[in-house]
Amino acid sequence: MKMRFFLVASMMLLSFLEITEGGSLRKNFYKKSCPQAEEIVKNITLQHVSSRPELPAKLLRLHFHDCFVRGCDASVLIESTASNTAEKDAIPNLSLSGFDVVKDIKDAVEAKCPGVVSCADILTLAARDAVSVQFNNEQKWEVLTGRRDGTVSKSLEALINIPAPFHNISTLRQIFSSKNLTLHDLVVLSGAHTIGVGHCNLFSNRLFNFTGKGDQDPTLDSTYAKFLKTKCQGLGDTTTTVEMDPSSSTDFNSDYYPILLRKKGLFTSDATLLTTKQSRNIVKELVSQNKFFTEFAQSMKRMGAIGVLSGSDGEIRRKCSIVN
Ligand code: HEM
Ligand SMILES: *[C@@H]1O[C@H](CO)[C@@H](O)[C@H](O)[C@H]1NC(C)=O
Ligand SMILES: *[C@@H]1O[C@H](CO)[C@@H](O)[C@H](O)[C@H]1NC(C)=O
Ligand SMILES: *[C@@H]1O[C@H](CO)[C@@H](O)[C@H](O)[C@H]1NC(C)=O
Ligand SMILES: *[C@@H]1O[C@H](CO)[C@@H](O)[C@H](O)[C@H]1NC(C)=O
Ligand SMILES: *[C@@H]1O[C@H](CO)[C@@H](O)[C@H](O)[C@H]1NC(C)=O
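Residues numbered from 1 in each chain as written. Chains lettered and ligands numbered in written order. Predicted model: local features only at pLDDT ≥ 70, side-chain atom pairs only at ≥ 80, totals over all residues. Heavy atoms only, no water.

**So, the coordination of the iron atom of ligand 1**
You will see that the iron atom of ligand 1 has only one donor from the protein, His 193 (NE2), lying 2.1 Å away. Counting through the fold element by element, His 193 comes out in the loop between helix 8 (183-190) and strand 1 (197-199). (Donors = N, O, S within 2.8 Å, 3.2 Å for Na, K, Ca; no water. Helix = DSSP H or I, 4+ residues; strand = E, 2+ residues; numbered from the N terminus.)

Printed below as a string of structure tokens:
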């Protein structure tokens, strides 16, 4: 009797875990239907990264923007039409790129197994593989597959769902929790800002005239602010970019956290992670690179499971930029 209760309880726990970890997704979903799919994604991603060190940041951000709007369904890849402005043409799209790489991969995968592998899975795998390159092919996080592609992409939804660089911690928490992600996930995933760049106009309010008195944001290190002012031309500079981790902006490491603790986080959305005791404690923990890598792998798995389509929902898009 006791044993039976134990069995039922563990089965319930298992199915609960399955739901929270992404339900229908599983390891190597295409094992039978397209055995080489994951290897093709990896090979082509690696080819592109070898000549474009900034690409891991692009693909990682593209995946994040995909997952936060209608779930990870490749809706971010859809082009606008005469009657619809798509996510990729929304205001928060600034500098999204990597679309060409996804297309290259999709073409190769379609040539091998037409109509089988989703654009959403390709993007999820490519983001992981791109970031993993510098770790000698050691995959930095596990990617489950089986996502299907959505058929809807609306710019307004990107505007509402993508966190903004000027958001404070309560707004960020709210957006993340609407995706079933925790405060812990928020702090961990923000560590993605250890690679890549940001445009001046997204943080220059912190440099110039912060409160209307010609001042700076007091939560930004003043020496660093001075340096940033030599880079950015003023409040309206939409073309200059600055590395978010100035000493190693193409290295995926835990540098984001010590930088943040020295008040050198670039965006308000970074600096705000120090404003509550709970989040500040998580920041301090993640200075440890081993801890960061372990936690990042788990949070990415959770992000990659947001709102995924499965079974007969959605479709397998033939071209990632157009619904079938
Ligand atoms: C917490 C809320 C977040 C906010 C407010 C935010 C905001 C931003 C902004 C404003 C940029 C600069 C874009 C540009 O100027 O071109 C950026 C870049 C980037 N973000 Fe985030 N982000 C957030 C979370 C994330 C997450 C969860 C990831 C991935 C897991 C991520 C990955 C990246 C990467 C890799 C870049 C660099 C892109 C490049 O070099 O082109 N961000 N983010
Ligand atoms: C991927 O690249 C490896 C190493 O270059 C090669 O041996 C393998 O055949 C490639 N696989 C596919 C599916 O292209
Ligand atoms: C972003 O949206 C604008 C229109 O708002 C569009 O002109 C631009 O091409 C888009 N950028 C990307 C990278 O898709
Ligand atoms: C955060 O921003 C929101 C929206 O701008 C605002 O209503 C709220 O008071 C802010 N919270 C804190 C703690 O500053
Ligand atoms: C700073 O902001 C104040 C108040 O909004 C404005 O009157 C002033 O012209 C601004 N100064 C500059 C240099 O933009
Ligand atoms: C969050 O979890 C709830 C309850 O399990 C579920 O109904 C909802 O669809 C989830 N939201 C997302 C965006 O995955």
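**Quick word on helix 4 (residues 99-112)**
Under the 1.5 Å per step criterion, the end-to-end length of helix 4 is 20 Å for 14 residues, consistent within 8% with the ideal 20 Å. For helix 4, the full list of buried residues reads Val 101, Val 102, Ile 105, Lys 106, Val 109 and Glu 110. Relative to the axis of helix 4, the buried residues are bounded by an arc of 165° and lie together on one face. Buried-residue contacts for helix 4 involve helix 2 (37-51), helix 3 (55-68) and helix 5 (119-132). (Expected span 1.5 Å × (residues − 1). Buried < 20%, exposed > 50% of the residue type's maximum accessible area, 1.4 Å probe, protein only. Arc of directions from axis to C-beta. Contact = heavy atoms within 4.5 Å.)

**Concerning the UniProt feature "domain: Plant heme peroxidase family profile" (unreviewed entry) in the protein**
Taking the numbering used here, the UniProt-annotated feature "domain: Plant heme peroxidase family profile" (unreviewed entry) corresponds to residues 24-324. Annotated as 42% helix and 2% strand, the span residues 24-324 places its first and last C-alpha atoms 23 Å apart. (UniProt positions renumbered as here; feature names shortened; annotations may be inferred.)

**A word on unusual backbone geometry**
Non-glycine residue Ala 74 carries a positive phi angle of around 60°. With respect to the element layout, Ala 74 can be found in the loop between helix 3 and helix 4. For Ala 74, a relative accessible area of 0% puts it in the buried group.

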